[in-house]
Amino acid sequence: MSFVSHVECTVCGHRHDPKRPLTVCETCGQMLAARYDLERVKASVSKDALRQRPPGMYRFRELTPLDAGEVPVTLGEGGTPLLALPRLAAHLGMRRLWAKDEGQNPTGSFKARGLSMAITRARTLGARGFVIPSAGNAGGAAAVYGARAGLPVAVIVPRGTPPAAIAEAQIAGAHVFTLEGSILTAGRVAAKVAPELGWFDLSTLKEPYRLEGKKTIGLELAADLDWRMPDVLLYPTGGGTGLLGIPKGYEELRAMGWLAGALPRVFAVQADGCAPVVKAFREGAPTTTAWENPTTHAAGLRVPSPFAGRQMLRVLRETGGGAVAVSETAIQDAQRLVARLEGIWTAPESAALVAALRVLKGRGDVVRDTEVTMIFTGAGLKYEPPPLPSPVDLAGSEEELLAQVRRVIRP
Ligand SMILES: *Cc1c(COP(=O)(O)O)cnc(C)c1O
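This structure is a prediction, so every number in the text was calculated from the model and none was measured.

Caption draft 1: Seen up close, the nonpolar core. Counting residues in each nonpolar core, the largest one holds 58 residues, and the members touching the most others are Leu63, Leu221, Leu243, Leu244, Ile246, Tyr250 and Leu253. Tallying contributions element by element places helix α8 (residues 209-224) first for this core, with 6 residues. Those residues in contact with Leu243 that lie beyond four places of it in its chain are Tyr235, Thr237, Val266, Ala268, Met312, Val315 and Leu316. Counting residues in hydrophobic clusters, the runner-up holds 34 residues, among them Ala99, Val269, Ala298 and Leu357.

Caption draft 2: Geometry of the packing of aromatic side chains. All told, the structure shown has 2 aromatic pairs when counted by the stated rule. Residues Phe110 and Tyr235 carry aromatic rings whose centres are separated by 6.1 Å and whose planes lie at 45 degrees to one another, so their mutual orientation is tilted. With Phe110 in the loop between β5 (96-101) and α4 (111-124) and Tyr235 in strand β10 (residues 232-236), this residue pair connects regions lying 125 residues apart in the sequence. Both residues of the pair, Phe110 and Tyr235, count as buried. Their ring planes at 85 degrees and their centres at 5.3 Å tell us that Trp227 and Trp258 sit as a pair that is edge-to-face. In this pair, Trp227 is assigned in the loop between α8 and β10 and Trp258 in the loop between α9 (241-255) and β11 (265-271), connecting sequence segments 31 residues apart. A residue is classified by how much of its surface remains accessible, and Trp227, at 13% relative accessible area, is buried. A relative accessible area of 9% means that Trp258 is categorised as buried.

Caption draft 3: Broad picture of the site of the ligand. The immediate surroundings of the ligand are formed by 17 residues, with Lys111, Tyr235, Gly240, Thr241 and Thr377 found nearest. Within the side chain of Asn137, an N or O atom sits 2.8 Å from an oxygen atom of the ligand. Contact between the ligand and Gly238: an oxygen atom at 2.7 Å from a main-chain N or O atom of the residue. Contact with the protein chains removes 96% of the 380 Å² of surface that the ligand exposes when unbound. Among the secondary structure elements, those contributing two or more residues to the shell around the ligand are β10 and α9. Here the residues of the shell around the ligand sort into 4 nonpolar, 10 polar and 3 charged.

Caption draft 4: Main features of the sheet that holds strand β6 (residues 130-133). Taken together, 4 strands build an open sheet; the order of strands is β8-β7-β6-β9 and the sheet is parallel. Strands at the two margins of the open sheet, each flanked by one partner only, are β8 (175-179) and β9 (200-201). Pairing geometry for β6 and strand β7 (residues 153-158), over 4 bridges, is parallel. Residue pairing for β7: Val131 is matched across the bridge by Ala154. Packing of helix α5 (residues 137-149) onto the sheet brings it into contact with β6 and β7, and relative to β7 it is tilted by some 170 degrees. Strand contacts of helix α7 (residues 183-197): β6, β7, β8 and β9, with the helix running at about 165 degrees to β6, the strand carrying the most contacts.

Caption draft 5: Structural context of the packing of α4 against α8. Contact geometry of α4 with α8 gives a least axis separation of 6 Å together with a crossing angle of 135 degrees. Viewed along their axes, α4 and α8 adopt a mutual orientation that is oblique. In this structure, the crossing between α4 and α8 has a hand that is right-handed. Two secondary-structure elements touch here, α4 through Lys111, Arg113, Gly114, Leu115, Met117, Ala118 and Arg121 and α8 through Tyr209, Arg210, Glu212, Gly213, Lys214, Thr216, Ile217 and Glu220. Its residues assigned to classes, the contact of α4 with α8 comprises 5 nonpolar, 3 polar and 7 charged.

Calculation rules
As a convention, each chain's residues are numbered from 1 in the sequence order in which they are written. Under the rules for a predicted model, residues below a pLDDT of 70 receive no local features and side-chain atom pairs below 80 are neither given nor counted, while totals for whole chains, interfaces and linings still include all residues. In computing side-chain values, all of the structure's heavy atoms are included and hydrogens and water are not. For this analysis, a nonpolar core means a set of buried residues of the types Ala, Val, Leu, Ile, Met, Phe, Trp, Tyr and Cys, connected via side-chain atoms within 4.5 Å. To sort residues, take the accessible area from a 1.4 Å probe on protein chains only and compare it with the maximum for the residue type: under 20% means buried, over 50% means exposed, and anything in between is partly exposed. A run of H or I in DSSP becomes a helix once it reaches four residues, and a run of E becomes a strand once it reaches two; helices and strands are each numbered from the N terminus. Here a residue-residue contact requires only that any non-hydrogen atoms of the pair lie within 4.5 Å. To pair, rings of Phe, Tyr and Trp, with the six-membered ring standing in for Trp, must have centres within 6.5 Å; the planes then decide the type, stacked if under 30 degrees apart, edge-to-face if over 60, and tilted in the middle. Being near a molecule or strand, for a residue, means having at least one of its heavy atoms within 4 Å of it. In the analysis that follows, any N or O atom pair within 3.5 Å is treated as a polar contact, provided that within protein one partner can donate a hydrogen and the other can accept it, and provided that, for residues neighboring in sequence, both atoms belong to side chains. Here, Shrake-Rupley sampling with a 1.4 Å probe gives the accessible areas, and only protein chains in the shown set may cover a residue. Ten residue types, Ala, Val, Leu, Ile, Met, Phe, Trp, Tyr, Cys and Pro, are classed as nonpolar, four, Asp, Glu, Lys and Arg, as charged, and the remainder, Gly among them, as polar. Here, strands pair whenever DSSP counts at least two bridges between them. Note on geometry: axes are lines fitted to C-alpha atoms, helical ones only across the stretch in contact, with angles between N-to-C directions running from 0 to 180 degrees. Any angle from 65 to 115 degrees is called roughly perpendicular, while one under 35 is roughly parallel, one over 145 is roughly antiparallel, and all others are oblique. Crossing handedness follows the turn of the near helix against the far one: under a right angle anticlockwise gives a left-handed crossing, and clockwise gives a right-handed one.

Right under this line is the structure:
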(Lines give C-alpha, C1' and ligand atoms only; values in the text may rest on other atoms or scores of the structure.)
Protein backbone atom coordinates (compact mmCIF):
# COMPACT_ATOMS: atom_id res chain seq x y z
CA MET A 1 0.00 0.00 0.00
CA SER A 2 1.15 3.55 -0.76
CA PHE A 3 0.34 6.78 1.08
CA VAL A 4 -1.96 7.84 -1.75
CA SER A 5 -5.53 8.18 -0.45
CA HIS A 6 -7.07 8.67 -3.89
CA VAL A 7 -6.49 10.18 -7.30
CA GLU A 8 -8.83 13.03 -8.12
CA CYS A 9 -9.75 15.15 -11.11
CA THR A 10 -8.23 18.64 -10.91
CA VAL A 11 -11.40 20.12 -12.40
CA CYS A 12 -14.50 18.14 -11.38
CA GLY A 13 -13.03 16.43 -8.32
CA HIS A 14 -14.21 12.97 -9.37
CA ARG A 15 -12.27 10.29 -7.45
CA HIS A 16 -10.44 7.40 -9.09
CA ASP A 17 -9.06 4.19 -7.67
CA PRO A 18 -5.23 4.27 -7.73
CA LYS A 19 -5.04 0.47 -7.88
CA ARG A 20 -5.93 0.68 -11.58
CA PRO A 21 -3.85 2.20 -14.39
CA LEU A 22 -5.18 5.75 -14.73
CA THR A 23 -5.09 8.24 -17.58
CA VAL A 24 -7.42 11.26 -17.49
CA CYS A 25 -10.68 11.84 -15.59
CA GLU A 26 -13.23 9.25 -16.63
CA THR A 27 -16.08 11.73 -16.24
CA CYS A 28 -14.74 15.01 -17.67
CA GLY A 29 -11.49 14.09 -19.45
CA GLN A 30 -9.36 16.53 -17.44
CA MET A 31 -6.05 16.05 -15.66
CA LEU A 32 -5.83 13.81 -12.58
CA ALA A 33 -3.67 14.35 -9.49
CA ALA A 34 -2.71 12.00 -6.66
CA ARG A 35 -3.77 12.98 -3.13
CA TYR A 36 -2.04 11.65 -0.03
CA ASP A 37 -2.97 10.77 3.49
CA LEU A 38 -0.65 13.48 4.78
CA GLU A 39 -1.34 12.73 8.46
CA ARG A 40 -0.07 9.22 7.89
CA VAL A 41 2.95 10.49 5.95
CA LYS A 42 3.75 12.86 8.80
CA ALA A 43 3.51 10.06 11.35
CA SER A 44 5.79 7.83 9.26
CA VAL A 45 8.75 10.07 8.42
CA SER A 46 10.65 12.98 9.95
CA LYS A 47 12.99 15.56 8.50
CA ASP A 48 15.82 13.87 10.40
CA ALA A 49 14.97 10.46 8.99
CA LEU A 50 14.99 11.94 5.49
CA ARG A 51 18.47 13.32 5.96
CA GLN A 52 19.77 9.81 6.74
CA ARG A 53 18.54 8.37 3.48
CA PRO A 54 20.56 8.12 0.27
CA PRO A 55 20.16 11.20 -1.98
CA GLY A 56 17.78 11.19 -4.92
CA MET A 57 14.10 11.65 -5.47
CA TYR A 58 13.04 8.37 -3.84
CA ARG A 59 14.31 9.80 -0.57
CA PHE A 60 10.78 11.26 -0.35
CA ARG A 61 9.23 7.86 -0.82
CA GLU A 62 6.20 8.48 1.43
CA LEU A 63 5.22 11.41 -0.81
CA THR A 64 5.45 9.31 -3.96
CA PRO A 65 2.76 6.97 -5.29
CA LEU A 66 4.97 3.89 -4.83
CA ASP A 67 3.44 0.93 -3.01
CA ALA A 68 5.25 -0.53 -0.02
CA GLY A 69 8.09 -2.64 -1.42
CA GLU A 70 7.58 -1.40 -4.99
CA VAL A 71 11.02 -1.27 -6.63
CA PRO A 72 11.50 1.89 -8.69
CA VAL A 73 12.85 1.88 -12.23
CA THR A 74 15.71 4.23 -11.46
CA LEU A 75 19.05 5.53 -12.66
CA GLY A 76 19.64 7.76 -9.65
CA GLU A 77 17.52 10.74 -10.64
CA GLY A 78 17.04 13.76 -8.39
CA GLY A 79 19.26 15.02 -5.61
CA THR A 80 20.44 17.79 -7.95
CA PRO A 81 22.26 20.77 -6.47
CA LEU A 82 20.61 24.10 -5.73
CA LEU A 83 23.42 26.36 -6.89
CA ALA A 84 23.89 29.93 -5.68
CA LEU A 85 24.61 32.21 -8.65
CA PRO A 86 26.42 35.19 -7.08
CA ARG A 87 28.17 36.42 -10.21
CA LEU A 88 25.06 36.26 -12.35
CA ALA A 89 23.08 37.87 -9.52
CA ALA A 90 25.52 40.79 -9.31
CA HIS A 91 25.37 41.18 -13.08
CA LEU A 92 21.56 41.43 -12.94
CA GLY A 93 21.47 43.66 -9.87
CA MET A 94 20.10 40.89 -7.65
CA ARG A 95 21.29 39.47 -4.33
CA ARG A 96 19.69 36.10 -3.81
CA LEU A 97 19.58 34.01 -6.95
CA TRP A 98 19.50 30.22 -7.15
CA ALA A 99 19.35 27.57 -9.84
CA LYS A 100 18.29 23.99 -9.29
CA ASP A 101 20.57 22.29 -11.82
CA GLU A 102 18.37 19.59 -13.27
CA GLY A 103 20.85 19.11 -16.12
CA GLN A 104 22.73 16.87 -13.70
CA ASN A 105 20.00 14.23 -13.85
CA PRO A 106 20.44 10.96 -15.76
CA THR A 107 19.40 11.78 -19.38
CA GLY A 108 20.57 15.38 -18.85
CA SER A 109 17.15 16.75 -18.06
CA PHE A 110 14.48 16.76 -15.37
CA LYS A 111 12.34 14.53 -17.59
CA ALA A 112 14.18 11.69 -15.85
CA ARG A 113 12.17 12.31 -12.68
CA GLY A 114 8.75 12.15 -14.31
CA LEU A 115 9.48 9.16 -16.48
CA SER A 116 11.16 7.15 -13.76
CA MET A 117 8.02 7.58 -11.68
CA ALA A 118 5.45 7.06 -14.46
CA ILE A 119 7.19 3.97 -15.86
CA THR A 120 7.65 2.50 -12.39
CA ARG A 121 3.92 2.78 -11.66
CA ALA A 122 2.77 1.69 -15.09
CA ARG A 123 5.02 -1.39 -15.01
CA THR A 124 3.66 -2.36 -11.60
CA LEU A 125 0.10 -1.94 -12.88
CA GLY A 126 0.80 -4.23 -15.85
CA ALA A 127 1.92 -2.03 -18.78
CA ARG A 128 3.52 -4.06 -21.59
CA GLY A 129 5.01 -1.14 -23.56
CA PHE A 130 4.90 2.63 -23.88
CA VAL A 131 4.12 5.26 -26.49
CA ILE A 132 5.21 8.85 -25.94
CA PRO A 133 4.78 12.01 -28.00
CA SER A 134 7.62 14.35 -27.13
CA ALA A 135 9.52 17.49 -28.01
CA GLY A 136 12.74 15.55 -27.32
CA ASN A 137 13.86 15.02 -23.76
CA ALA A 138 10.73 13.20 -22.59
CA GLY A 139 11.07 10.72 -25.44
CA GLY A 140 14.72 10.14 -24.63
CA ALA A 141 13.93 9.60 -20.97
CA ALA A 142 11.00 7.28 -21.72
CA ALA A 143 13.27 5.17 -23.93
CA VAL A 144 15.95 5.01 -21.26
CA TYR A 145 13.59 4.00 -18.45
CA GLY A 146 11.78 1.60 -20.78
CA ALA A 147 15.12 -0.10 -21.45
CA ARG A 148 15.79 -0.16 -17.73
CA ALA A 149 12.39 -1.80 -17.16
CA GLY A 150 12.85 -4.22 -20.07
CA LEU A 151 9.77 -2.89 -21.87
CA PRO A 152 9.41 -1.60 -25.45
CA VAL A 153 8.94 2.12 -26.16
CA ALA A 154 7.76 4.07 -29.20
CA VAL A 155 8.77 7.73 -29.35
CA ILE A 156 7.08 10.22 -31.70
CA VAL A 157 8.79 13.59 -32.10
CA PRO A 158 8.59 16.53 -34.51
CA ARG A 159 11.23 16.81 -37.23
CA GLY A 160 13.92 19.18 -36.04
CA THR A 161 14.01 17.69 -32.55
CA PRO A 162 17.56 18.00 -31.15
CA PRO A 163 19.56 15.04 -32.57
CA ALA A 164 20.98 14.07 -29.18
CA ALA A 165 17.49 13.39 -27.81
CA ILE A 166 16.65 11.26 -30.85
CA ALA A 167 19.94 9.38 -30.55
CA GLU A 168 19.33 8.87 -26.84
CA ALA A 169 16.01 7.18 -27.62
CA GLN A 170 17.45 5.10 -30.48
CA ILE A 171 20.50 3.85 -28.66
CA ALA A 172 18.21 2.71 -25.83
CA GLY A 173 16.36 0.60 -28.38
CA ALA A 174 13.16 2.61 -28.78
CA HIS A 175 11.21 2.83 -32.04
CA VAL A 176 11.62 6.49 -33.01
CA PHE A 177 9.32 8.29 -35.42
CA THR A 178 9.67 11.88 -36.59
CA LEU A 179 6.91 13.86 -38.25
CA GLU A 180 6.00 17.20 -39.75
CA GLY A 181 4.24 19.42 -37.21
CA SER A 182 4.55 19.74 -33.46
CA ILE A 183 4.10 17.62 -30.34
CA LEU A 184 0.36 18.22 -30.85
CA THR A 185 0.34 16.06 -34.01
CA ALA A 186 2.62 13.53 -32.30
CA GLY A 187 0.11 13.35 -29.43
CA ARG A 188 -2.76 12.59 -31.81
CA VAL A 189 -0.84 9.72 -33.37
CA ALA A 190 0.21 8.37 -29.97
CA ALA A 191 -3.39 8.41 -28.69
CA LYS A 192 -4.52 6.27 -31.66
CA VAL A 193 -1.57 3.91 -31.78
CA ALA A 194 -1.24 3.12 -28.06
CA PRO A 195 -4.57 1.25 -27.70
CA GLU A 196 -3.90 -0.68 -30.93
CA LEU A 197 -0.60 -1.92 -29.56
CA GLY A 198 -1.97 -2.39 -26.06
CA TRP A 199 0.80 -0.06 -24.82
CA PHE A 200 0.50 2.73 -22.29
CA ASP A 201 0.32 6.36 -23.52
CA LEU A 202 2.72 8.54 -21.51
CA SER A 203 1.53 11.90 -22.94
CA THR A 204 2.25 14.87 -20.69
CA LEU A 205 -0.20 14.97 -17.76
CA LYS A 206 -2.51 12.41 -19.37
CA GLU A 207 -1.55 10.02 -16.58
CA PRO A 208 -1.09 11.18 -12.95
CA TYR A 209 2.43 9.99 -12.05
CA ARG A 210 4.85 11.99 -14.21
CA LEU A 211 3.56 14.91 -12.14
CA GLU A 212 4.53 13.10 -8.95
CA GLY A 213 8.07 12.67 -10.26
CA LYS A 214 8.35 16.36 -11.12
CA LYS A 215 6.86 17.21 -7.75
CA THR A 216 10.02 15.89 -6.10
CA ILE A 217 11.81 19.02 -7.39
CA GLY A 218 9.59 21.02 -5.05
CA LEU A 219 10.22 18.62 -2.16
CA GLU A 220 13.98 18.86 -2.72
CA LEU A 221 13.86 22.64 -3.07
CA ALA A 222 12.16 22.88 0.30
CA ALA A 223 14.91 20.82 1.92
CA ASP A 224 17.66 22.60 -0.09
CA LEU A 225 16.62 25.97 1.42
CA ASP A 226 16.32 24.45 4.88
CA TRP A 227 12.52 24.28 4.80
CA ARG A 228 11.85 27.73 3.43
CA MET A 229 10.38 28.81 0.13
CA PRO A 230 11.88 31.48 -2.14
CA ASP A 231 9.87 34.59 -3.08
CA VAL A 232 9.77 33.81 -6.77
CA LEU A 233 10.04 30.69 -8.89
CA LEU A 234 10.84 30.86 -12.61
CA TYR A 235 9.85 27.87 -14.73
CA PRO A 236 10.45 27.26 -18.47
CA THR A 237 7.01 26.18 -19.54
CA GLY A 238 6.03 23.64 -22.13
CA GLY A 239 3.44 21.12 -20.93
CA GLY A 240 3.77 22.46 -17.40
CA THR A 241 4.49 19.33 -15.34
CA GLY A 242 7.01 21.11 -13.14
CA LEU A 243 5.00 24.30 -12.99
CA LEU A 244 2.19 22.24 -11.45
CA GLY A 245 4.35 19.71 -9.66
CA ILE A 246 6.64 22.04 -7.72
CA PRO A 247 3.83 24.01 -6.02
CA LYS A 248 2.05 20.70 -5.36
CA GLY A 249 5.12 19.51 -3.46
CA TYR A 250 5.30 22.74 -1.51
CA GLU A 251 1.60 22.55 -0.65
CA GLU A 252 1.85 19.00 0.62
CA LEU A 253 4.78 19.92 2.86
CA ARG A 254 2.89 22.97 4.08
CA ALA A 255 -0.14 20.83 4.90
CA MET A 256 2.23 18.59 6.91
CA GLY A 257 3.50 21.63 8.81
CA TRP A 258 7.03 21.27 7.37
CA LEU A 259 6.83 24.61 5.55
CA ALA A 260 5.08 27.84 6.47
CA GLY A 261 4.02 30.96 4.65
CA ALA A 262 2.97 31.85 1.14
CA LEU A 263 3.97 29.86 -1.89
CA PRO A 264 6.52 31.56 -4.18
CA ARG A 265 5.10 33.70 -6.95
CA VAL A 266 5.34 31.37 -9.95
CA PHE A 267 6.27 32.81 -13.36
CA ALA A 268 5.90 30.79 -16.55
CA VAL A 269 8.59 31.58 -19.09
CA GLN A 270 8.09 30.82 -22.79
CA ALA A 271 9.62 31.73 -26.14
CA ASP A 272 8.18 34.49 -28.36
CA GLY A 273 7.62 31.87 -31.05
CA CYS A 274 5.40 29.67 -28.86
CA ALA A 275 3.79 31.43 -25.92
CA PRO A 276 0.23 30.13 -25.40
CA VAL A 277 0.43 30.43 -21.60
CA VAL A 278 1.76 34.00 -21.74
CA LYS A 279 -0.99 34.97 -24.18
CA ALA A 280 -3.78 33.43 -22.09
CA PHE A 281 -2.40 34.97 -18.91
CA ARG A 282 -2.32 38.46 -20.46
CA GLU A 283 -5.83 38.08 -21.82
CA GLY A 284 -7.19 36.88 -18.51
CA ALA A 285 -8.42 33.74 -20.27
CA PRO A 286 -9.42 30.69 -18.22
CA THR A 287 -7.35 28.35 -20.40
CA THR A 288 -4.89 28.36 -23.30
CA THR A 289 -5.74 28.22 -26.99
CA ALA A 290 -3.59 26.49 -29.60
CA TRP A 291 -0.59 28.55 -30.83
CA GLU A 292 -0.27 28.57 -34.63
CA ASN A 293 3.12 27.65 -36.15
CA PRO A 294 5.13 27.20 -32.96
CA THR A 295 8.82 27.95 -33.54
CA THR A 296 11.70 28.04 -31.06
CA HIS A 297 15.02 26.25 -30.80
CA ALA A 298 14.20 25.65 -27.12
CA ALA A 299 12.53 22.36 -28.01
CA GLY A 300 10.91 21.80 -24.59
CA LEU A 301 9.01 25.07 -24.97
CA ARG A 302 7.56 24.09 -28.34
CA VAL A 303 4.23 22.98 -26.91
CA PRO A 304 1.47 24.90 -28.73
CA SER A 305 -1.53 23.51 -26.88
CA PRO A 306 -0.69 22.26 -23.38
CA PHE A 307 -3.26 19.85 -21.97
CA ALA A 308 -3.08 21.50 -18.52
CA GLY A 309 -3.33 25.15 -19.63
CA ARG A 310 -6.21 25.75 -17.25
CA GLN A 311 -4.39 24.30 -14.25
CA MET A 312 -1.20 26.26 -15.02
CA LEU A 313 -3.05 29.59 -15.30
CA ARG A 314 -4.66 28.88 -11.96
CA VAL A 315 -1.24 28.46 -10.30
CA LEU A 316 0.15 31.64 -11.88
CA ARG A 317 -2.89 33.64 -10.70
CA GLU A 318 -3.24 32.10 -7.26
CA THR A 319 0.42 32.67 -6.39
CA GLY A 320 0.49 36.24 -7.71
CA GLY A 321 2.97 35.29 -10.40
CA GLY A 322 2.80 35.85 -14.12
CA ALA A 323 4.12 34.88 -17.52
CA VAL A 324 6.90 36.22 -19.74
CA ALA A 325 7.98 35.45 -23.29
CA VAL A 326 11.53 36.06 -24.53
CA SER A 327 13.20 36.11 -27.95
CA GLU A 328 15.52 33.52 -29.47
CA THR A 329 18.45 35.92 -29.40
CA ALA A 330 17.79 36.76 -25.74
CA ILE A 331 17.84 33.02 -25.00
CA GLN A 332 21.17 32.52 -26.79
CA ASP A 333 22.70 35.57 -25.12
CA ALA A 334 21.56 34.28 -21.74
CA GLN A 335 22.98 30.83 -22.46
CA ARG A 336 26.42 32.30 -23.11
CA LEU A 337 26.13 34.65 -20.12
CA VAL A 338 25.30 31.91 -17.61
CA ALA A 339 28.13 29.73 -18.87
CA ARG A 340 30.63 32.60 -18.81
CA LEU A 341 29.65 33.90 -15.36
CA GLU A 342 28.80 30.68 -13.54
CA GLY A 343 30.23 27.83 -15.60
CA ILE A 344 26.85 26.24 -16.29
CA TRP A 345 26.08 25.32 -19.89
CA THR A 346 22.37 25.07 -19.45
CA ALA A 347 19.69 24.17 -22.00
CA PRO A 348 18.09 26.98 -24.03
CA GLU A 349 14.83 26.41 -22.14
CA SER A 350 16.47 27.26 -18.82
CA ALA A 351 18.54 30.08 -20.30
CA ALA A 352 15.18 31.64 -21.18
CA LEU A 353 14.63 32.09 -17.44
CA VAL A 354 17.65 34.35 -17.17
CA ALA A 355 16.42 36.43 -20.09
CA ALA A 356 13.01 36.61 -18.39
CA LEU A 357 14.55 37.63 -15.09
CA ARG A 358 16.00 40.68 -16.82
CA VAL A 359 12.52 41.56 -18.05
CA LEU A 360 10.95 41.05 -14.61
CA LYS A 361 13.66 43.16 -12.98
CA GLY A 362 13.13 45.90 -15.56
CA ARG A 363 9.39 45.90 -14.88
CA GLY A 364 9.83 45.92 -11.11
CA ASP A 365 8.15 42.51 -10.72
CA VAL A 366 11.31 41.49 -8.86
CA VAL A 367 13.66 43.82 -7.01
CA ARG A 368 17.23 43.55 -5.78
CA ASP A 369 16.33 41.67 -2.59
CA THR A 370 13.76 39.28 -4.04
CA GLU A 371 14.89 35.69 -3.54
CA VAL A 372 14.54 33.98 -6.90
CA THR A 373 14.87 30.29 -7.73
CA MET A 374 15.19 29.20 -11.33
CA ILE A 375 14.69 25.64 -12.51
CA PHE A 376 17.53 24.87 -14.90
CA THR A 377 15.68 22.01 -16.54
CA GLY A 378 18.35 20.53 -18.77
CA ALA A 379 21.99 20.35 -19.82
CA GLY A 380 23.13 22.50 -22.74
CA LEU A 381 25.26 19.61 -23.98
CA LYS A 382 22.18 17.91 -25.42
CA TYR A 383 21.59 20.80 -27.85
CA GLU A 384 23.20 22.56 -30.75
CA PRO A 385 25.31 25.26 -29.03
CA PRO A 386 24.45 28.95 -29.47
CA PRO A 387 26.64 30.79 -32.01
CA LEU A 388 30.23 30.93 -30.72
CA PRO A 389 33.44 32.25 -32.27
CA SER A 390 35.66 29.67 -33.96
CA PRO A 391 38.57 28.52 -31.84
CA VAL A 392 41.91 30.00 -32.86
CA ASP A 393 43.66 27.38 -34.96
CA LEU A 394 47.39 27.20 -34.32
CA ALA A 395 49.73 26.28 -37.18
CA GLY A 396 53.40 26.45 -38.03
CA SER A 397 56.55 25.86 -36.03
CA GLU A 398 56.41 25.61 -32.26
CA GLU A 399 57.74 29.20 -32.09
CA GLU A 400 54.91 30.37 -34.35
CA LEU A 401 52.32 28.47 -32.28
CA LEU A 402 53.53 30.27 -29.16
CA ALA A 403 53.48 33.63 -30.91
CA GLN A 404 49.88 33.06 -31.95
CA VAL A 405 48.80 32.20 -28.40
CA ARG A 406 50.59 35.29 -27.07
CA ARG A 407 48.83 37.46 -29.63
CA VAL A 408 45.43 36.30 -28.34
CA ILE A 409 46.11 36.25 -24.60
CA ARG A 410 48.04 39.20 -23.21
CA PRO A 411 48.91 39.01 -19.52
C1 LIG B 1 10.29 19.38 -21.22
C2 LIG B 1 11.21 20.47 -20.94
C3 LIG B 1 10.76 21.72 -20.48
C4 LIG B 1 9.31 22.03 -20.29
O5 LIG B 1 8.79 21.30 -19.22
P6 LIG B 1 7.24 21.09 -19.03
O7 LIG B 1 7.11 20.36 -17.77
O8 LIG B 1 6.74 20.33 -20.22
O9 LIG B 1 6.62 22.44 -18.96
C10 LIG B 1 11.70 22.66 -20.16
N11 LIG B 1 13.01 22.43 -20.30
C12 LIG B 1 13.49 21.26 -20.76
C13 LIG B 1 14.96 21.09 -20.90
C14 LIG B 1 12.61 20.24 -21.08
O15 LIG B 1 13.08 19.07 -21.52
